[in-house]
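If you want the building blocks of each chain, they are given just below.
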Amino acid sequence: LHTAYRRQRQMCIRDRMNLLMFIGEASLLMVLRYQMKSDPIAAVSHEQNKMNPIKFAIPALLDTIGSFAGFTGLMLITPSTYQILKMLCMVFIVLISVTVMKKRYDLTQYLSVLAIIIGLTMVTLVDVYYTNKAGDQSSSTEDTDNVILGTVCLIIGQLFHATQAIYEEFIL
């Protein structure tokens, strides 16, 4: 019962976060419209600088998918593990930028990424281990499966966020 309540509460928090993001973005559009109506020079400049909306739809879609997967993972793992595993985005950015964009990094930067990977692996294994030790045996297996599923969802979400960051760097 406690786990079901916690999940329902986390879903409510996720929905509030999405609503707040939507309100913030919509208010920025209203400010832009007001500025274009009050300043004709800004309106002309805005029309000259228009880009293809598809170029902005792709990172928005990647962010939406990444946020959905990340918040789904948050419902299944502890918030501290979620915060630490968000660092995985940087690892994915380095991997994608090296393979796709052909960027070069120093040895110290590669060693830093390796240290992050080792730390993230240790945190995830500790989370799974302590979830396994707590509670009775029947709920322990379910909790361990939830932690693993939450970790996989968060990893997928961070991969989408890394792809978004690389794509934004590419179009800018």
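Note that the structure is predicted; figures quoted are calculated from it, not measured. (Residues numbered from 1 in each chain as written. Predicted model: local features only at pLDDT ≥ 70, side-chain atom pairs only at ≥ 80, totals over all residues. Heavy atoms only, no water.)

### Considering the overall build of the protein
- When its secondary structure is counted, the protein shows 7 helices and 0 strands.
- Walking the protein from its N terminus toward its C terminus, one meets helices and strands in the order α-α-α-α-α-α-α.
- Sorting the 172 residues of the protein into buried and exposed places 28% on the buried side.
- Considering only contacts within the protein whose residues lie at least 6 apart along the sequence, 78% involve residues at least 24 apart.
- Roughly 12,000 Å² of accessible area belongs to the protein as shown, and the carbon and sulfur atoms make up 69% of that amount. (Helix = DSSP H or I, 4+ residues; strand = E, 2+ residues; numbered from the N terminus. Buried < 20%, exposed > 50% of the residue type's maximum accessible area, 1.4 Å probe, protein only. Contact = heavy atoms within 4.5 Å. Areas by Shrake-Rupley, 256 points an atom, 1.4 Å probe, with all protein chains shown as cover.)

### Looking at the pattern of salt bridges
- Applying the stated criterion across every chain, the model contains 1 salt bridge.
- With its nearest N and O atoms 2.8 Å apart, the salt bridge here joins Glu169 to Lys103. On the criterion of sequence distance, the pair formed by Glu169 in helix 7 (residues 137–171) and Lys103 in the loop between helix 5 (88–99) and helix 6 (107–133) is long-range, its members being 66 residues apart.
- Overall, Glu169 belongs to the partly exposed group, its relative accessible area being 36%. (Salt bridge = Lys/Arg side-chain N within 4 Å of Asp/Glu carboxyl O.)

### Focus: the side chain of Gln164
- You can see Gln164 is positioned in helix 7.
- Classification of Gln164 by relative accessible area gives buried; the value is 13%.
- Not counting residues up to four positions away in its chain, the partners in contact with Gln164 are Pro59, Leu62 and Asp63.

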